[in-house]
Amino acid sequence: MRKKIVAGNWKMNKSLADGLLLVDEIIRGSHNNSVLKIIAPAFIHLAAVAEKLKKEEGFEIAAQNCHQSQNGAFTGEVSAEMIASAGAQYVIIGHSERRIYFGENNGLLAQKVNIALTNNLIPIFCLGESREDRNANVHLEKVKQQLKEGLFNLSPSDFSKVIIAYEPVWAIGTGVTATTHQAQGMHHFIRSEVNRKYGKDISEETLLLYGGSCNADNAKELFACLDVDGGLIGGASLKAAEFNSIVNSFG
Ligand code: PEP
């Protein structure tokens, strides 16, 4: 059976004190050990959040990005090795905000996936179409291309470590959520593309998260979809009560 995951992407929010307070509140209200909770704070808070969560059951840590090189003269950047040494197990790669505001393309993201795996980090690889893509009915093609160029160069054993987050760009931070029909439709499509490339066994084990204005009110029906294994949560992960109630949305 596939794991159930709720990952909170804090983005560029929270001071250290506020972040640690949020973690305390999440721990206090967290009673669903059947769900893996992943917390993704800013780089600078990774070690402190990891330290706080290291004895808590069912919690792991993600960074929100990494550089594509192992190390070197890249002022201001953070490597996968540094992230792992700070206590994280995961790294989000290819979030739409990275693609849009920082010009990250599939080729660069494929390099980031590789360096993450080399450093024993599990990539949470984000993909998804824009509003224009969906209106033009090219959303499946767009996601297929992101899969092909971003992930499908991996060996089967490397691919099987990766988590995929489907995040329609038009649903991120907008309050507009994909319908269950749209979310399940795309997740089913992704799983069938993985099946075509890597076969049935790997495709049935691939973890697929939904992201895009997922909250306490809509999580239950999204998580009930056959091919949705959990959520990547932005805004709603910044409040402990909301995050925990999303976690508790799993039946
Ligand atoms: C995200 O940025 O990964 C995300 C899903 O954001 P939100 O939940 O705020 O739409």
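Whatever comes next refers back to the structure up there.
Residues numbered from 1 in each chain as written. Predicted model: local features only at pLDDT ≥ 70, side-chain atom pairs only at ≥ 80, totals over all residues. Heavy atoms only, no water.

### Some thoughts on the packing of aromatic side chains
Which entries qualify depends on this criterion: Two rings from Phe, Tyr or Trp (for Trp, the six-membered ring) form a pair when their centres sit within 6.5 Å of each other. Planes less than 30 degrees apart are called stacked, planes more than 60 degrees apart edge-to-face, and all others tilted. Either the NZ atom of lysine or the CZ atom of arginine qualifies as a charge over a ring when it sits within 6 Å of the ring centre and within 35 degrees of the ring normal.
Counted under the stated rule, the structure contains five aromatic pairs. The structure contains a cluster of three or more aromatic residues connected by ring pairs, namely Phe-152, Phe-159 and Tyr-198. Here the guanidinium or amino end of Lys-197 rests over the ring plane of Tyr-198, the centre of that ring lying 5.8 Å away.

### Here we look at the nonpolar core
Note the following rule: What is meant by a nonpolar core is a set of buried Ala, Val, Leu, Ile, Met, Phe, Trp, Tyr and Cys residues, joined one to another through side-chain atoms within 4.5 Å. When accessible area is computed with a 1.4 Å probe and restricted to protein chains, residues below 20% of their type maximum are described as buried, those above 50% as exposed, and intermediate ones as partly exposed. A run of DSSP states H or I qualifies as a helix once it reaches four residues; a run of E qualifies as a strand once it reaches two. Both are numbered from the N-terminal end. Any two residues whose heavy atoms approach within 4.5 Å at even a single point are treated as in contact.
With 65 residues, the main nonpolar core has Leu-151 and Ile-190 as its most contacted residues. No other element matches helix H9 (residues 180–198), which puts six residues into this core. Residue contacts for Leu-151: discarding those within four places in its chain leaves Val-113, Phe-125, Gln-146, Phe-159, Val-162, Ile-164 and Tyr-198. One finds Leu-36, Ile-92, Ile-163 and Leu-209 within the second-largest nonpolar core, a separate group that totals 15 residues.

### Describing helix H5 (residues 106–118)
Residues that lie three or four places apart on an α-helix share one face, since the helix turns once every 3.6 residues. This is how the line gets drawn: To estimate the expected span of a helix, subtract one from its residue number and multiply by 1.5 Å.
Here H5 spans 18 Å end to end across 13 residues, near enough to the 18 Å set by a 1.5 Å rise per residue. Where H5 is concerned, the buried positions are Asn-106, Leu-109, Ala-110, Lys-112, Val-113, Ile-115, Ala-116 and Leu-117. A positive phi of about 60° marks Asn-120, the residue just after H5.

### Focus on a nonpolar patch on the surface
Rule in force here: The residues that make up patches have over 30% relative accessible area and no salt bridge, and they are joined within 9 Å when like-charged or within 5 Å when they are Val, Leu, Ile, Met, Phe, Trp or Tyr. All accessible-area figures derive from a Shrake-Rupley calculation using a 1.4 Å probe, and residue coverage is judged against the displayed protein chains alone. Here, a salt bridge means any side-chain nitrogen of Lys or Arg that lies within 4 Å of a carboxyl oxygen of Asp or Glu.
A cluster of nonpolar side chains, Ile-100, Tyr-101 and Phe-102, forms an exposed patch at the surface whose accessible area comes to about 400 Å². One can find Tyr-101 in helix H4 (residues 96–101). What makes Tyr-101 exposed here is its relative accessible area of 62%.

### Quick look at the state of the cysteines
As a reminder, the rule being used: By disulfide we mean two sulfur atoms from cysteines, separated by a distance within 2.5 Å.
Under the definition given, this model contains zero disulfides. With no disulfide partner, Cys-126 has as its closest neighbouring cysteine sulfur the one in Cys-66, 12 Å distant. The thiol of Cys-214 is not disulfide-bonded; the next cysteine sulfur, from Cys-225, is found 10 Å away. Overall, the relative accessible area of 5% leaves Cys-214 in the buried class.

### A closer look at the site of the ligand
What counts is decided by this rule: Whether a residue is near a molecule or strand is decided by its heavy atoms; if any one of them lies within 4 Å of it, the residue is near. Contacts described as polar in this section are N or O atom pairs within 3.5 Å, which, within protein, must combine one atom able to donate a hydrogen with one able to accept it, while residues neighboring in sequence count only if both atoms come from side chains. Classification convention: Asp, Glu, Lys, Arg as charged; Ala, Val, Leu, Ile, Met, Phe, Trp, Tyr, Cys, Pro as nonpolar; all other residues, Gly among them, as polar.
Around the ligand there are 14 residues in total, and Lys-11, His-95, Glu-167, Gly-173 and Ser-213 lie nearest to it. Between the ligand and Lys-11 there is a distance of 2.5 Å, counted from an oxygen atom to a side-chain nitrogen or oxygen. In the complex, 95% of the free accessible area of the ligand, which totals 290 Å², lies under the protein chains. For the shell around the ligand, the class distribution of residues is four nonpolar, eight polar and two charged.

### With respect to unusual backbone geometry
In this structure, Asn-137 takes a positive phi of about 60° despite not being glycine. Structurally, Asn-137 can be placed in the loop between helix H6 (131–135) and helix H7 (139–150). Look at Asn-137 and you get exposed, because its relative accessible area is 61%. Unlike most non-glycine residues, Ser-213 shows phi in positive territory, near 55°.

### Overview of the pairing of strand S3 (residues 59–63)
On a regular strand, one side chain projects to one face of the sheet and the next to the other, so that they alternate. Applied cut-off: A pair of strands counts as paired when DSSP detects no fewer than two bridges linking them. Look down the strands so they point away from you; if the path from the first strand over the helix to the second goes clockwise, the crossover is right-handed.
Among the five residues of S3, four are classified as buried, and the element is accordingly described as predominantly covered. Here strand S2 (residues 35–40) runs beside S3; their pairing, made up of three bridges, is parallel. Note that in S3 the partner of Ile-39 across the bridge is Ile-61. In this region the chain leaves S2, passes through helix H2 (residues 46–53) and returns to the parallel neighbour S3; the handedness of that crossover is right-handed. Pairing analysis gives two bridges linking S3 to strand S4 (residues 90–93), with the strands arranged parallel. Across the sheet, Ala-62 pairs through a bridge with Tyr-90, a residue of S4.

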